[in-house]
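Coordinate analysis (summary)
Residue-level listing of the chains:
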Amino acid sequence: MNLDIEFDDFIKQEQENAKKLKLPYNFIVSKAEGSVLTDTNNKRYIDFTSNLDNNSLGFNNELIKNSIISNNNKLNYLSSYVYSESVSDLADKIKDVSGLNFVYFSNSAHEAIDTALNLLKSWIENNYFAETKNEVLFINGTNNVQNIDIYKINTSRSTRFIHISNILEFQSTYLLDTSTFKNLFTKRIAAVIVNPIGIIDGCYIADHEILEIIKVFCEKYNSLLIFDSTSVSLGRLGKLLPYSDIDPDILILSNSLGQGIPLGLAATSHKLDKLKQCYQHSYGTSALAADIACKFINMINFESYFDQIKLKSEYLLSRLNELRDKYLSIIEIINKGLYYTIEFDFNLVELVERCKDDGIIVELIDSKIIKLTPPFIITNEEIDILYEVLDKNLNLLKGDYRLK
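1. Here we look at the packing of aromatic side chains
Working definition: an aromatic ring pair is given by the centre-to-centre distance plus the angle between the planes. Within the structure shown, the criterion is met by 9 aromatic pairs. Seen in terms of ring centroids, Phe185 and Tyr221 are 5.6 Å apart; in terms of plane orientation they differ by 35°. Their pairing is tilted. In this pair, Phe185 sits in the loop between helix H6 (178-184) and strand S8 (189-195) while Tyr221 sits in the loop between helix H7 (208-220) and strand S11 (224-228), placing the two residues 36 residues apart along the sequence. Owing to a relative accessible area of 6%, Phe185 belongs among the buried residues under this scheme. What makes Tyr221 partly exposed here is its relative accessible area of 25%. With 6.3 Å between their ring centres and 70° between their planes, Tyr305 and Phe376 make a pair best called edge-to-face. Placement of the pair is Tyr305 in helix H10 (residues 303-326) and Phe376 in the loop between strand S18 (369-372) and helix H12 (380-396), with a sequence separation of 71 residues. In this structure, Tyr305 and Phe376 share a single accessibility class: buried. By way of ring pairs, the aromatic residues Tyr25, Phe27 and Tyr45 are connected into one cluster. A cation over a ring is seen here: Lys133 above Phe129, with NZ or CZ 5.9 Å from the ring centre. The cationic tip of Arg319 hangs over the ring face of Tyr387; the distance from NZ or CZ to the ring centre is 3.9 Å.

2. With respect to the sheet that holds strand S17 (residues 363-366)
What the 4 strands build is an open sheet, ordered S14-S15-S18-S17; its pairing is antiparallel. Strands at the two margins of the open sheet, each flanked by one partner only, are strand S14 (330-336) and S17. On average, each strand axis in the sheet is tilted by 25° relative to the strand beside it, whichever way the strands run. Looking at chain direction, S17 and S18 are connected through 3 bridges and run antiparallel. Looking at S18, one finds that Leu364 is bridged to Ile370. Packing against the sheet, H10 makes contact with S14, strand S15 (339-344) and S18, and its axis sits at approximately 175° to S14.

3. Notes on the environment of Asn301
With respect to the helices and strands, Asn301 occurs in the loop between helix H9 (287-300) and H10. Look at Asn301 and you get partly exposed, because its relative accessible area is 35%. Asn301 sits 67 residues away from Leu234 along the chain, and the two C-alpha atoms are 9.4 Å apart. Residues within four places of Asn301 in sequence aside, it is in contact with Val97, Leu240 and Phe306.

What counts, and where the lines are drawn
Every chain begins its residue count from 1, and numbering advances along the sequence as written. Residues qualify for local features only when their pLDDT is at least 70, as the model is predicted, and side-chain atom pairs are given and counted only at 80 or more; totals for whole chains, interfaces and linings, by contrast, use all residues. Side-chain measures here rest on the full set of heavy atoms in the structure, leaving out hydrogens and waters. In this scheme Phe, Tyr and Trp rings, the latter by its six-membered ring, pair at centre separations within 6.5 Å, and the angle between planes marks the pair as stacked below 30 degrees, edge-to-face above 60, and tilted otherwise. Runs of H or I in DSSP of at least four residues are treated as helices and runs of E of at least two as strands, each being numbered from the N terminus. Under the scheme applied here, a residue whose accessible area is under 20% of the maximum for its type counts as buried, over 50% as exposed, and between as partly exposed, the area being computed with a 1.4 Å probe on protein chains only. Think of it as a cone above the ring: NZ of Lys or CZ of Arg counts as a charge over the ring if it is within 6 Å of the ring centre and within 35 degrees of the ring normal. For two strands to be treated as a pair, DSSP must find no fewer than two bridges joining them. Comment: axis = line fitted to C-alpha atoms, over the contacting stretch for helices; angle = value between 0 and 180 degrees taken between N-to-C directions. Two residues form a contact once any of their heavy atoms are found within 4.5 Å.

Structure below.
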């Protein structure tokens, strides 16, 4: 055994892993239209991230422009003490599409999550569960081989602007499957928080069968089921809500609701109706964001629209599969609707930078994983350009790919 060679390989791998993508990119955007960003040098970039999924309808959409014009002379921001007409309309719209009873508005995913956690704490206190029912299962994606964390709620700590792991007292990690979940679920569980898409050592999309089991346990033991859907746009996974046939007790939404205008919300079921009188919610939102969100939902909430998303999804997947068939360096492609992750066997910083130089923006979520969340208006021609750019640069990165 040659230890020197092994050590050199180890150092080389560590150096490879240490490569970081330099952000923000070294260009200034002067114009954005559809799927395309244009910089001050008139160079065009197709954005396959939808501005990190904040503009799922694409840039400079007519819906947004018309809403800005119609809301120009109205109040831009309202606190939680009062509603505007558009905020009231959005509350009714969210209740209608989700089957939930009440909506708490905010200005971001962070504030919406903060609201949900404070509602959970208030629910525990209101039901005198502080000593007997104070543990939470947090599931970051469920795909039979994903992590599940156990936390203990400390009801005396504030959650405002604090990440979830900082308001909870302890954590253990397990592999999640049906049997494990049943063994972990005790009468002390106050809530199960589920992220429908998790990214831990890869991408995991929530398994419907396990979600149904979680729902049954939550109902049986009077626990809350919380869906954190802030990381993905409405409609992206092929239907308006990720799991519209499973009703949570709290639904947290943010990304793309306001199509780039800050907006977040937490909608609650009848289990939390008592909190409407005692929970002091301090966030609000803008009439403009609420108006855009209403129009966004009205625009996409049709089977025919989701059929179009499905066709685009299938075409993009077929082109990615062509690349996978050509390059052994592509390990796995995970897809649902217009959401994709592509895992490779090498550090992708240079590939992502080369794609940017060739006019393609993708999201690097791990040193070896690319995420694609293209706008709903992406064209087959733009998808073909993505294929050509990836193919060209995989060929150029000698030693980082293997042709079949």
